[in-house]
Structure formats: structure tokens, C-alpha cells
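Chain and residue survey
In case you want the letters, here they are:
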Amino acid sequence: MTSYIIRRLLLMVLTLIGMSIIIFIMLRLVPGNIADILFDSAGFIDPQEKVLLEKELGLNLPLWEQYWNWISNLVQGKLGYSYVSELPAIDELAPRIPITAKLAGLSLFFSVLIGLPLGVISAVRQNTWADYVVRIVSLSGLSLPSFWLGLLILTAFVAWAGYIPIYTAPPETWYDEFALLIIPAAAVGFRASAIIMRLTRSSMLEVMRQDYVRTARSKGASENVINYKHALRNAILPVTTIIGIEAAFLIGGLIVTETVFNIPGVARFLVEAIQWRDYPIVQNLVMLIALIVVTVNLIVDLLYAVLDPRIRYS
Amino acid sequence: MTTPSSFSIEELPSTEVRRKGLWYHFRTFCRRYPLGAIGAAITLAFVFCAIFAELVTGVDPYTTNAADSLAAPGGAHMLGADVMGRDVFSRIIYGARISLMVGIGSTFLGCLFGVMIGLASGYLLGWFDLITQRIIDVMQALPLLVMALVMAASLGPSLENTIIAISIPLIPNVARIIRSNTLSLREMPFVESARAAGMSELRIAVRHVLPNTLAPLIVLATAQLGSAILTEASLSFLGLGIPEPHASWGRMLSESAAEYVRTAPWLVIFPGIAISLVVFGTNLLGDAVRDILDPRQRKT
């Protein structure tokens, strides 16, 4: 197990290094940098001033040197300065991370809350109308763009309550914050629940065909005991692995949902930074996202071995 | 694709097709996969609108008209008009064309490169396989939308670039699945006999291994079509996808998002219905295709 963890950690580092190279190159594929954007929008170009700005930001250095500066600083925990606000990137990111983390946690909670029970119902009542309804609901969850779901909820609020529940000022109490986050979290969570629903259903169906379920039935156990004690407990194992995929899925959903609900989290900030070609912010945020996805996947794999004694990594 | 792949032989014996006719199989499909049939109908309607947009609506989607700004649904504009007075219905119909182009274009590109990489990786093995697998690991560490966002931003907003930006994050998924299929196929007796008959490795890979990976590829491609369409909508919604004046569903929502939720909700509702319906249809179809082509799933 220890050697497996070490191997996985090494692989993780390798993946992150690869990611840093890819993201660094991708951001510099396009001609034009922040200096061009700032000067173009200002309307007039003083070449000398532009050269000065490029020098100040280190954009005149050769690419490999720019990359090396970024990585060596990143390893030391220095994230550089935002080109747009000129604040340290860490100061820009730090207050936004908890907002997105809360939203993501709440969304995950919703996705499990909706997905798991519906998946179980769908499997236990396979090929009945309940199964069909759940399958259609889960498929529509996958089909609705989460930003549209968010917009629909806003429209409904306007129609019935006469106001828009979007983030305008920082909430004062935890209750206010909860009330603000719960709607976008439900929108993202509903979409993410579809994956859990589908996986729970197929996993339950697979387990319910196993011999030990037949044995339980033949010894006269009630359907409830069979379904929930024997089947669900085993079926839930593969569902835990999906949380790794969910992490990536949730981040995608949060990007658009934060934009719709005007939530000042990191996901919306990423879009803004991309639009402004704010390299220090985009690079570091993408690395953060990659780190989260890779770490969650590792934790899930290890958790799987803990939950299921049949699995042994070597 | 000269050799028929094994699944089609199992699934639709050619003599059977001739004896019973296509109509019979169509009805069987509808009876056995009612949801799949609905999905196929929605997808076909969408493709029809995309190809024959001019026939479906006589109204030009780009004509602006200040007098009709934010006109409510009904009357001259069935689904209302946007702030520039452009007809929403006509823009939705023409938007199908953009969605279909991006959906099929990026899925095709993603599959094409994914198949080439996966086949080479699974067939050659060795260092080539090792390096491609690590690159795929790296690419899969980013969510599809984030990857597409950065790609779209670095390439710049245009139709072609949006297709490329969405196709690249699809490559690793395809490559993974084709690779694992190739790995098991290359040990099959028919590959061995082809080798014994003196066929070149490249010829074996292309003529014998590739056609047999077709079934999982079709399953994957239909599943990806919906997510490609959704990603395009999200990118355009965020202003990094299809530029103006193209009628893109995501773009239509982004214009209407903040301002018109109160005053013109039809601008929010109809393009969203179009996206959801099409993705729903392709997902239903994808599920049915998977049930038909993937024997392991069929048993459950």
C-alpha cells in the first residue's frame, strides 16, 4: 500500500508538471499579451511605454525563462501579481476560494441527496414507471445546461417573488450566505446528481443479480433487508469513485453558474482572468484546479481500498 | 472499412435484413427502445432544421428592426424578438446549424485524433504508449469546460476555433477507450492469423483491429455529441465561443442573461429549451445505441 501511494504521488507530480507546461504554452499561443490589450483599449500606443510595461511584467524574457520564473516561484508559494489589479495573486485568490468551496460542497451534498435515493428507487423498481421517470429526470439533468437552469430559477424568482436572488453585497450572517448559495448549489447539484443516479442504478442492478442476494432472498429476508442491507451496501462502493469525476464536473458547472448568479468565487474569476489574459491568475488557478482533481482522484482510489476489503493495491 | 465489424453481424444478420426489410427493424427498434426512438426523432428533427433552416423559417435571423425590439411572442414573431429586433424563432432554427456544426465537427475531430493515438498507443506499446498515456493523464486532470475555455481563449473566438477547442479535450477519452480495445484485440486469433498470412503490421492495425473498435467508438461518439453541444453553449454563453452575428444558442442566452430576465423572459426560455431538447435527444439516442452495441450493458 505504501509503495502504491508513493508511486501515485510521483505520478501526480509528473502530471502537474506536464499540466504546467501545457497551460503555459497554451496561454502564449495567441499573439498579443496584456500590454496589447491595455494599450489597444486605451486607444493610443506609445511603443516606449509598452516596452517598459512588458519589461516590468517580465514578458520580454525568453519563454523558457518566463516558465522557469513562474514554476520556481510557485514551488516557493509565490504566485506573482495579477496583471489587471496589480495586487498579489494570492490576495486575489484567497478570499474567493472559500466562496467556491462552500458552493462546491453544497452542490455535492445536493447531488448525493438527489442522486442516490433516486438511483436506488430506479434499480429496485426496474422497468416500472418509477424507473422510467427517474431515468428521464436523470437524463434531463445531464441535458440542461446548468447556466440555463440558473437563469430559469432567476426568471421564476422574478415572476413570483419580484426580486432576483443574486450576490450583490457580501452576506452578513451565515444564514444569509446559505440562502444565497443554496439556489445556485441546487442548480449545479441537480445536474451533477444525474451522474450519481445513473451509476447507483447500474451498480445496484449488478449487485442484485449476485448469488448472495439470491441466498438472502431464499432464506426469507424481507425485500427491504435485501435491498438496503445486502444490495445497497455493496452497490454504493463504485458510487464513491464517481466523486472523483464529480469534482471535475462540478468545477465546470460552477464556472457558468457563478457567472449567472454573480457570485465572486474563483470559478467566475477564472473566466474574467482568461478574458483579460491575466497570466499569473489563469496559470495558478488552472494548476489549482488540476491539483484538486488529481488529489480528489487519489483520495477516492485510496478510500475505495479502505471501504472494500477485496481491493488491495500493491 | 471493408470488413464488416463483428457487432453488425451479430446484431443484424444481413439475410435477416433482406428477408424482413428495414421497416420491420425500424418497428422492432421503436418497440424495444421507445426512449431511444424518441431520442432519434428529436435528433433527426434537429438535423433537419440545421440543414434546411431556410425552408423551416422564411425570416432572416440577422435582420435587425428597431421597431420590433424586445417584441413579445406572438404576432409577427412567434417566439418574440431580441433587443435588436431579430426574430428569436429564426435565430433558434439557424442556431441549430451552428450547434450541429460544432457538435459533429468537434466530435469527429476528437474521435479522429483519439482513434489514431489510441490505436498507435495500444498497437505499438513501448515508449510511445508510455508517453501518450502520461500526456492523456495530464489532459484528463482538467475538466472539459476549463480545458475548452483556455483553448478557446488562446485560439480566439471563431467557429473553427470553437470546434478545435472542444475537440481537444475529447481526444483523451477516445484514445483511452480505443487503446484498451486495441490491447485486447491484438491478442485475438484473427490478428495472429493475419500476421501468419504475412500481412504488414500497419495493414493489420487498419484493416482488422480498427474496424473492430467501431462499436465502442460509435457509443462514445453519440455520448460525446451532447456534451460537445453543451460545451459550445457554455463557451458562447461566457463570450469565448461563437462570435456575433452568428446565431448561437449559448450566445443568445448570454445576451439576454442579466438584463432581460425581468423584462423579456422569452429570450431566456426558448434558446435554453432548444439546447436542452437537442442534448436530451442525443443522450436518449446515445443510451439506446449503447444498449444495442455494448453486449455487456445489454445483460443488465
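Just above, that's the structure.
Scope of this entry: the structure provided in the associated data block.

About the thresholds
Residues numbered from 1 in each chain as written. Chains lettered and ligands numbered in written order. Predicted model: local features only at pLDDT ≥ 70, side-chain atom pairs only at ≥ 80, totals over all residues. Helix = DSSP H or I, 4+ residues; strand = E, 2+ residues; numbered from the N terminus. Buried ≥ 20, exposed ≤ 12 C-beta atoms within 10 Å, placed from the backbone. Contact = placed C-beta atoms within 7 Å. Nonpolar A, V, L, I, M, F, W, Y, C, P; charged D, E, K, R; others polar. Expected span 1.5 Å × (residues − 1). Core = buried A, V, L, I, M, F, W, Y, C linked by C-beta atoms within 7 Å. Axes fitted to C-alpha atoms, helices over the stretch in contact; angles between N-to-C directions. Left-handed = near helix turned anticlockwise from the far one by under 90°. Parallel < 35°, antiparallel > 145°, perpendicular 65-115°, else oblique.

**A look at the overall build of chain B**
Within chain B one finds 14 helices and zero strands. Going from N to C terminus, chain B has its helices and strands arranged as α-α-α-α-α-α-α-α-α-α-α-α-α-α. Put simply, chain B has 300 residues, and 48% of those count as buried. Sequence-distant contacts, at least 24 apart, represent 70% of the contacts inside chain B between residues at least 6 apart.

**A few points about the overall build of chain A**
Helix and strand counts for chain A come out as 13 helices and zero strands. Buried positions account for 38% of the 314 residues belonging to chain A. Restricting to contacts in chain A with at least 6 residues of sequence separation, those with at least 24 account for 75%.

**Let's talk about the interface of chain B and chain A**
Chain B puts 37 residues into the contact, and the matching count from chain A is 42 residues. Breaking the side of chain B that touches chain A down by element, the ones donating at least two residues are helix H6 (126–140), helix H7 (144–155), helix H11 (214–237), helix H12 (249–263) and helix H13 (266–293) of chain B. Element by element, the count of residues in the side of chain B that touches chain A is highest for H7 of chain B, at nine residues. Its residues placed into classes, the side of chain B that touches chain A shows 26 nonpolar, eight polar and three charged.

**As for H13 of chain B**
The end-to-end C-alpha separation of H13 of chain B is 40 Å, in line with the 40 Å expected for 28 residues at 1.5 Å each. Burial within H13 of chain B is extensive, with 24 of its 28 residues counted as buried.

**With respect to the nonpolar core**
With 152 residues, the main nonpolar core has Leu 270 and Val 286 of chain A together with Ala 148 and Leu 149 of chain B as its most contacted residues. The element that contributes the greatest number of residues to this core is H13 of chain B, accounting for 16 residues. In this structure, Leu 270 of chain A is in contact with Ile 255, Val 282 and Leu 285 of chain A, ignoring residues within four places of it in sequence. Grouped together as the second largest cluster of nonpolar side chains are nine residues, Val 120, Met 204, Val 207 and Leu 232 of chain A included.

**Digging into unusual backbone geometry**
The phi dihedral of Asn 127 of chain A falls on the positive side, at around 65 degrees, and the residue is not glycine. Positionally, Asn 127 of chain A belongs in the loop between helix H6 (96–124) and helix H7 (129–143). At Leu 125 of chain B, a position not held by glycine, the phi torsion is positive, near 55 degrees. Counting through the fold element by element, Leu 125 of chain B comes out in the loop between helix H5 (88–124) and H6. Taking the C-beta count within 10 Å as the criterion, Leu 125 of chain B has 14 such neighbours and is therefore assigned partly exposed.

**Concerning the packing of H6 of chain A against helix H9 (residues 174–208) of chain A**
Residues and elements named next belong to chain A. Running from amino to carboxyl end, H6 crosses H9 at an angle of 35 degrees, the nearest separation of the two axes being 5 Å. For H6 against H9, the interelement crossing comes out right-handed. Looking at the contact of H6 with H9 residue by residue, the classes come out as 22 nonpolar, eight polar and two charged.

**Here we look at the packing of H6 of chain B against helix H8 (residues 159–185) of chain B**
All names here are of chain B. With their axes 9 Å apart at the nearest point, H6 and H8 run at an angle of 130 degrees to one another. Taken together, the axes of H6 and H8 are oblique relative to one another. Helix-helix and strand crossings are classified by hand; for H6 and H8 the assignment is left-handed. Between H6 and H8, the contacting residues are Ile 136, Met 139 and Gln 140 on the first element and Pro 169, Pro 172, Ala 175 and Arg 176 on the second. Residues that form the contact of H6 with H8 fall into these classes: five nonpolar, one polar and one charged.

**Let's talk about helix H10 (residues 211–218) of chain A**
With zero of its eight residues buried, H10 of chain A lies for the most part at the surface. Downstream of H10 of chain A by one or two residues, Gly 220 of chain A has phi in the positive range, about 95 degrees.

**Considering the environment of Thr 107 of chain B**
Residue and element names in this part refer to chain B. Mapped onto the elements, Thr 107 comes out in helix H5. Measuring from C-alpha to C-alpha, the distance between Thr 107 and Ile 171 comes to 9.0 Å, with 64 residues separating the pair along the chain. Excluding residues within four positions of it along the chain, Thr 107 makes contact with Leu 170, Ala 221, Gln 224, Leu 225 and Ala 228.

**Notes on the environment of Pro 98 of chain A**
On the secondary structure map, Pro 98 of chain A appears in helix H6. Remark: the alpha-carbon pair of Pro 98 of chain A and Val 207 of chain A, spanning 109 residues in sequence, is separated by 39 Å.

As far as function goes, none of this settles anything; it's purely spatial.
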